[in-house]
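Next come the chains, spelled out residue by residue.
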Amino acid sequence: PGLAVGMAVGRALLVLLAACTVVPAKDPLLNVCMDAKHHKTAPGPEGMLHDQCAPWKDNACCTANTSSEAHKDQSNLYNFNWNHCGLMPPKCKRHFIQDTCLYECSPNLGPWIDQADSSWRRERILHVPLCKEDCEEWWEDCKDYLTCKENWHKGWNWATGTNRCPWGSMCRPFSQVFPRPKDLCEKIWSNSYKYTTEHRGSGRCIQMWFDPAQGNPNAVVAKYYAWKKRSSPAWMENATPETGKAVCAAPWSALVLLPLASVMLPEGARGCGSHGWGFL
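Residue positions are counted from 1 within each chain, in the order its sequence is given. Per-residue local features are limited, in this predicted model, to residues with pLDDT of at least 70; the limit for side-chain atom pairs, both in listing and counting, is 80 or more; totals at the level of whole chains, interfaces and linings are taken over all residues. Note that the side-chain values use all heavy atoms of the structure and ignore hydrogens as well as water.

Visitor: Please set out the nonpolar core residue by residue, giving values where relevant.
Guide: One finds Phe96, Trp138, Trp152 and Trp189 to be the most contacted residues of the largest nonpolar core, which totals 51 residues. Elements with a contribution of two residues or more to this core: helix H3 (90–105), strand E4 (128–130), helix H4 (132–142), helix H5 (174–177), helix H6 (181–187), strand E7 (193–195) and helix H7 (218–230). Considering every element that reaches this core, the biggest residue donor is H3, with seven residues. Residue contacts follow a heavy-atom distance rule, with two residues in contact if any of their heavy atoms lie within 4.5 Å. Non-local contacts of tryptophan 152, meaning those with residues more than four positions away in its chain, are made with Phe80, Trp82, His84, Met88, Phe96, Thr147, Phe174, Ile188 and Trp189. We call a set of buried residues a nonpolar core when its members are Ala, Val, Leu, Ile, Met, Phe, Trp, Tyr or Cys and they connect through side-chain atoms within 4.5 Å of each other. Exposure categories follow from relative accessible area, calculated using a 1.4 Å probe and restricted to protein chains: below 20% of the type maximum is buried, above 50% is exposed, and the middle band is partly exposed. In DSSP terms, a helix is any run of H or I states spanning at least four residues, a strand is any run of E spanning at least two, and both are numbered starting from the N terminus.

See below:
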């Protein structure tokens, strides 16, 4: 009888283990799109993205149409004109196009998504750690171009339907409006970016520029900062018990057998589930 009972329990256990499927919970900080004007609800392949937005084509938060509009001087995305103080040189403009592609297309900005207080988007990015080279090359290529404003998010004259310099403002070289690369990267979009001394390839800063043939380096960066954010006291206070864990889903028939199987199991073999946090 003892052997028969043991065999029955063994079969019950096999049924239970076969039925128990570990389903990783969706990570709210990784591989996500922000809730903004032109973003998709979830990232995915696009097949073809235009020119400078192409590095994100395998997994993007933007559409092909958005990527095309990002390259226009007078874009339909936000009716924003780069040439508000004369013609912006191509070497400078390419950084603003790349900045737009990163913002619209990247699925790796989750750790820095914040609530927005504007009418056209519910979420924005805040303090994204930009790689030193990306920020300094942006400033170097734009330092001689003219602008009339330090913060390009707000304060424009929109009387004509597109952004124009406010009354009384003067067009001055970037190097005067933004004396250092840090000033440009942090001030121009209301602290969307944060200047860092981290280098490309370090895994500690977001790259606007990267070679897609080598993979997207920002995925690893997002994982690192997601781990840091989850480790903060503020995140721990607001996190739900299920956040970042795997869910063990078993049908009713298997659950009925669980009490019998668990009684017969050695102590160390009990339980069904695991943490899904594989950060680094």
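Visitor: A description of the state of the cysteines should follow, citing residues and the corresponding values.
Guide: Note on terminology: a disulfide is the covalent bond linking the sulfur atoms of two cysteines. The disulfide definition used here is simple: a pair of cysteine sulfur atoms within 2.5 Å. Counted according to the given criterion, the structure contains eight disulfides. Residue cysteine 62 pairs covalently with cysteine 105 via a disulfide, S to S 2.1 Å. Taking the sign of the torsion about the S-S bond as the criterion, the disulfide between cysteine 62 and cysteine 105, at about 95°, is right-handed. Highlighted residues: cysteine 62 in the loop between strand E1 (21–24) and helix H2 (64–69) and cysteine 105 in helix H3, separated in sequence by 43 residues. Cysteine 105 sits in the buried class, given a relative accessible area of 0%.

Visitor: Quick one: what's the story with H3, residue by residue and with numbers?
Guide: Expected span of a helix: the number of residues minus one, times 1.5 Å. Here H3 spans 21 Å end to end across 16 residues, near enough to the 22 Å set by a 1.5 Å rise per residue. Most of H3 sits inside the fold, with 13 of its 16 residues counted as buried.

Visitor: Report on the pattern of salt bridges, specifying residues and quantitative values.
Guide: Whenever a carboxyl oxygen of Asp or Glu lies within 4 Å of a side-chain nitrogen of Lys or Arg, that contact is scored as a salt bridge. In the structure shown here, the tally under the stated rule is 13 salt bridges. Notably, a salt bridge pairs lysine 72 with glutamate 69, separated by 2.9 Å at the nearest N-O pair. Take glutamate 69: its relative accessible area is 7%, and that puts it in the buried class. One salt bridge connects glutamate 140 with lysine 143, and the closest N-O pair in it is separated by 2.8 Å.

Visitor: Provide a residue-level description of empty space enclosed by the protein, including the pertinent values.
Guide: For each structure, a 1 Å grid was placed over the protein atoms alone; sets of points admitting a 1.4 Å probe that cannot get out are labelled cavities, open sets with protein on both sides within 12 Å along at least five of seven lines are labelled pockets, and lining residues have an atom within 4 Å of a point. Grid points are joined across faces, edges and corners, and a volume is the space filled by probe spheres set on the points. As enumerated under the stated definition, the model contains one cavity of 30 Å³ or more in all. In this structure, the largest cavity encloses a volume near 30 Å³. Around the largest cavity sit Val32, Cys33, Met34, His39, Ser106, Leu109, Gly110 and Ile113, which together line it.

Visitor: Just give me the short version of the environment of proline 166, but keep the residues and values in it.
Guide: Assignment of secondary structure puts proline 166 in the loop between strand E5 (146–147) and strand E6 (172–173). When the C-alpha positions of proline 166 and lysine 149 are compared, they lie 8.6 Å apart, and in sequence the two are 17 residues distant. Contact partners of proline 166, with chain neighbours within four places excluded, come to Cys148, Lys149, Gly155, Trp156 and Asn157.

Visitor: How would you explain the packing of aromatic side chains if you had to name every residue and give the values?
Guide: Here a Phe, Tyr or Trp ring, Trp counted by its six-membered ring, pairs with any other such ring whose centre lies within 6.5 Å, and the pair is stacked when the planes are under 30 degrees apart, edge-to-face when over 60, and tilted otherwise. Counted under the stated rule, the structure contains 19 aromatic pairs. For the pair tryptophan 152 and phenylalanine 174, a centre-to-centre distance of 6.0 Å together with 90° between the ring planes defines the contact as edge-to-face. One end of the pair, tryptophan 152, is in the loop between E5 and E6; the other, phenylalanine 174, is in helix H5, with 22 residues separating them in the sequence. For the residue pair tryptophan 152 and phenylalanine 174, the accessibility class agrees, reading buried in each case. Consider the rings of tryptophan 152 and tryptophan 189, whose centres lie 6.0 Å apart with planes at 90°: the pair is edge-to-face.

Visitor: Report on unusual backbone geometry, specifying residues and quantitative values.
Guide: Unusually for a residue other than glycine, asparagine 31 sits at a positive phi of about 55°. Inspection of the secondary structure assignment puts asparagine 31 in the loop between E1 and H2. Although it is not a glycine, asparagine 191 adopts a positive phi angle of roughly 65°. With respect to the element layout, asparagine 191 can be found in the loop between H6 and E7. Assessed through its relative accessible area of 34%, asparagine 191 is described here as partly exposed.

Keep in mind these numbers describe shape, not what the thing actually does.
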